[in-house]
Amino acid sequence: HLVHAHVRGGRQQLTAWDTTRWAPLADTVTESEVRELWGDDAGLRLSMERHAPSGGYVALRQNARIWVVKRRGREVARLNESENVRAVTWSPDGRTLVTGTQPGEAVVRRAPDFSVVAELEHVTGLWVACFTPDGSRLATGGDDGVIRIFDTATWDLVFELRGHETYVHALK
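Calculation criteria
- Residues numbered from 1 in each chain as written.
- Predicted model: local features only at pLDDT ≥ 70, side-chain atom pairs only at ≥ 80, totals over all residues.
- Heavy atoms only, no water.
- Helix = DSSP H or I, 4+ residues; strand = E, 2+ residues; numbered from the N terminus.
- Buried < 20%, exposed > 50% of the residue type's maximum accessible area, 1.4 Å probe, protein only.
- Contact = heavy atoms within 4.5 Å.
- Areas by Shrake-Rupley, 256 points an atom, 1.4 Å probe, with all protein chains shown as cover.
- Pairing = 2+ DSSP bridges.
- Core = buried A, V, L, I, M, F, W, Y, C linked by side-chain atoms within 4.5 Å.
- Axes fitted to C-alpha atoms, helices over the stretch in contact; angles between N-to-C directions.

Helix and strand content of the chain: 1 helix and 16 strands. Relative to its full complement of 172 residues, the chain shows a buried share of 45%. Sequence-distant contacts in the chain: of pairs separated by 6 or more residues, those separated by 24 or more amount to 33%. Carbon and sulfur atoms form 47% of the exposed surface of the chain, whose accessible area is close to 8,800 Å².

Walk down a regular strand and you will see the side chains alternate between the two sheet faces. The element strand β12 (residues 126-131) is extensively covered by neighbouring structure, given that 5 of its 6 residues are classed as buried. With 5 bridges joining them, β12 and strand β13 (residues 137-142) adopt antiparallel strand pairing. Pairing of V128 across the sheet is with G141, part of β13. Taking the residues that link successive antiparallel strands as the turn, the β12-β13 hairpin has 5 residues, and the phi of G135 there is positive, at about 80°.

The next subject is the nonpolar core. One finds Y57, V69, L79, W90, L97 and F114 to be the most contacted residues of the largest nonpolar core, which totals 13 residues. Of all the secondary-structure elements, those providing two or more residues to this core are β5 (57-61), β6 (66-71), β7 (74-80) and β8 (85-90). Residue contributions to this core peak at 3 residues, all from β8. Those residues within four positions of Y57 in sequence are excluded, and the remaining contacts are R50, H51, A52, V69, K70, R71, V76, W90, G94, A111, P112 and F114. Counting residues in each nonpolar core, the second largest holds 12 residues, with V108, A118, L120 and L138 among its members.

What the 4 strands build is an open sheet, ordered β8-β9-β10-β11; its pairing is antiparallel. Single-partner strands in this sheet number two, and they are β8 and β11 (115-121). When the angles between neighbouring strand axes are averaged without regard to direction, this sheet yields 20°. For strand β9 (residues 96-101) and strand β10 (residues 105-110), the ladder comprises 5 bridges, and the chain directions are antiparallel. Residue pairing across strands places T99 opposite V107, the latter belonging to β10.

As structure tokens, then:
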């Protein structure tokens with residue numbers, strides 16, 4: 001399942017989607033329902049660090065454009081983006097790191113050297129990116145109100161969820 005935050009009729013709402021059919025599970029869900037499923041953080045904020053689920057990597061924010069990747073306390077990569085980073089997420093296996101930038105690009109990197117393996121374009125600024133639990137898909141959202149679903153084997157765009165009145169700033 002995928003949950004995203006959006007604005008409809010001037011009000012912030014959360015919508016849950018069934019990712020097997022790409023159809024809404026419910027018109028809206030409450031923030032308390034999301035927190036019940038995923039805990040207090042609910043993935044709604046970009047923190048100063050992102051821990052990989054395995055592999056011992058952590059991405060640490062130095063400033064809006066520079067993130068440092070460390071493993072066991074030692075720096076293994078320095079990511080210098082050309083624009084402000086708004087989204088940072090790890091794949092479930094901890095081997096792929098995705099950063100999303102303000103002008104609208106998702107940069108995909110692979111451990112251990114964190115070289116760029118794909119650049120996924122958006123029309124406008126990218127706010128959020130998240131992997132499916134099995135790592136087979138990456139969902140991204142941003143200023144244009146479109147959620148894009150990419151196949152992580154090829155990094156091809158496979159689906160778009162349209163119809164939001166404004167930007168998408170949270171997916172989980």
